[in-house]
Amino acid sequence: MTDWVGKDLKYVWHPYTQMKDCRNMPPLLIERAKGIKLYDTRGRFYYDTISSWWCNVHGHNNPAIKSAIKKQLDLLEHVLFAGFTHKPAIELAQKLAALAPAGLSRVFYSDNGSTSVEVALKMSFQYWHNTGERKKTKFVSLDRGYHGDTFGAMSVSGVSLFNEVFSPLFFESFKVPSPYCYRCPVGMQEGECDTDCLKPLERLLEKRSKEIAGIILEPRLMAAGGMIIYPEKYLKGAASLAKRFNVHLILDEVATAFGRTGRMFASGSAGVLADFICLSKGITSGYLPMGVTLTTDKIYKAFYADFEQKKTFYHGHTYTANPVACAAALASLEIFEKDNTLKKAAGLIPLFRERLEGFKALPFVGDVRSIGLVGALELVKDKKTKEALDFRERTGLKVYKAGLEKNLILRPLGDIIYFFLPLCVKRAELEDILDRSYSVVKKAFNG
Ligand SMILES: Cc1ncc(COP(=O)(O)O)c(C=O)c1O
């Protein structure tokens, strides 16, 4: 019999993985999947509690998405997207423009989350260049934000274990404190806060807005930064500051869109008018890679000119608007409509919240937070002082291993155990996942 894992370790280099760790903990060999379960080659199942890196929405092996992909393959698998177009891309653009928050009527395709961010940054930068405001060249971002692994995206992300080695190569950007309520950056207590953490952003814009092209942030849920969930009033406040100081608002909805926060778009609330929204992950429900940057007609018009004026947006990727990926995205959006996905998922949110609250009884669970069907438990050494666990203990890794024993894919972000559930999760599955997780967390700290 072929030793597939042995072969993997001989030839493959995995992302976000210390390959040396794989000697004791080789990657799981997954053979098939159905709904929210992944199956290994021995037929053992694992709950995909993190939607396969926050992508899967309607479950694995979904018949409607599969059939749309197959149908498209019989027609056209790929064509370049400069000078050529195709129906799936046109239809998808029209659908996204109709679904998106107000004003976002132009759709630019790319390949993944990082490229959707790169496109927004470059368009914002070039917009000011094309309109003669050439001093507006810098970006503001949150100090715990995460926007991807390409250089532009890293430059506007927080500096972390993931990217600090590359920091000498980042372009300069301004960082402001994140609205991390559990560890309030301006020392406020719950209940007394008036979004005081917006003040540093306001002060920065008062002084430097003439040099600033845009603000980028993840609306309501800062995912990789630790599943930090923050109030809508921060988002609204940041949006109104962007408007007041004439800087673009770039909302990175790569992780948050397509129902994760209970809404189609996390920023889909009244009053938040973005200049750009970045999409990926859930757009195809995790079936094929795709990135999208939505923008306004005003931005689009600043690039629309005679060739000699040099206003063209010179950016593109080989697989831009791949027809099969567009077909998968269209099928996914159709499921949202036909199956009433958001309404069904909303029915489970109160139960999810209530069950998560139950984890507070455990000794090391310092904070419990949730939005939609995304929830997080922040583990601490001391609940009173909120002192963090010693990172050398590799608690996250222990929880990961213990999760696998209980048929769960838990992949903590440091000391933050989280659930990023596919929206198709059923009540009984949700209960089972939380029962199993409770015993994992309880056991992980016994002794
Ligand atoms: C908010 C956000 N933006 C951008 C990205 C980068 O996406 P990708 O990994 O597809 O490049 C991620 C990935 O986790 C993300 O969470």
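Look up a bit, the structure's there.
Remember, it's a predicted structure, so these values are computed and weren't measured experimentally.

(A) Molecular detail of the site of the ligand. Taken together, W54, N112, G113, S114, Y146, H147, G148, E218, D252, V254, A255 and K281 make up the full set of residues near the ligand. A distance of 2.9 Å is found between an oxygen atom of the ligand and a backbone nitrogen or oxygen belonging to G113. Taking S114, its side chain carries an N or O atom lying 2.6 Å from an oxygen atom of the ligand. Compared with its free state, where it exposes 390 Å², the ligand has 83% of that area covered by protein. The class makeup of the residues in the shell around the ligand is four nonpolar, five polar and three charged.

(B) Representation of the sheet that holds strand β14 (residues 374-379). Strands sit in the order β13-β14-β15 across an open sheet of three strands; the sheet is antiparallel. Strand pairing shows two members of the sheet lacking a second neighbour, β13 (365-371) and β15 (416-420), which therefore form its edges. Going across the sheet, the axis of each strand differs from the next one's by a mean of 10 degrees, ignoring polarity. Pairing of β14 with β15 involves five bridges; the strand directions are antiparallel. Across the sheet, E378 pairs through a bridge with I416, a residue of β15. Lying over the sheet, helix α11 (residues 341-357) contacts β13, β14 and β15, oriented at roughly 175 degrees with respect to β13. Seen against the sheet, helix α13 (residues 427-444) touches β13, β14 and β15 and runs at an angle of roughly 170 degrees to β15.

(C) Structural view of unusual backbone geometry. Phi angles above zero are rare outside glycine, and A321 is one such case at about 60 degrees. Among the secondary structure elements, A321 is positioned in the loop between α9 (297-301) and α10 (323-339). The class of A321 is buried, set by a relative accessible area of 1%.

(D) Looking closely at the environment of C22. With respect to the helices and strands, C22 occurs in the loop between α1 (4-11) and β1 (30-34). By relative accessible area, which is 5% here, C22 ends up buried. Sequence spacing of C22 and S267 is 245 residues, and the spatial spacing of their C-alpha atoms is 39 Å. If near-sequence neighbours (up to four positions away) are discounted, C22 is found in contact with L9, T17 and P27.

Criteria and thresholds
Residues numbered from 1 in each chain as written. Predicted model: local features only at pLDDT ≥ 70, side-chain atom pairs only at ≥ 80, totals over all residues. Heavy atoms only, no water. Near = heavy atom within 4 Å. Polar contact = N/O pair within 3.5 Å; in protein donor to acceptor, adjacent residues only side chain to side chain. Areas by Shrake-Rupley, 256 points an atom, 1.4 Å probe, with all protein chains shown as cover. Nonpolar A, V, L, I, M, F, W, Y, C, P; charged D, E, K, R; others polar. Pairing = 2+ DSSP bridges. Helix = DSSP H or I, 4+ residues; strand = E, 2+ residues; numbered from the N terminus. Axes fitted to C-alpha atoms, helices over the stretch in contact; angles between N-to-C directions. Contact = heavy atoms within 4.5 Å. Buried < 20%, exposed > 50% of the residue type's maximum accessible area, 1.4 Å probe, protein only.

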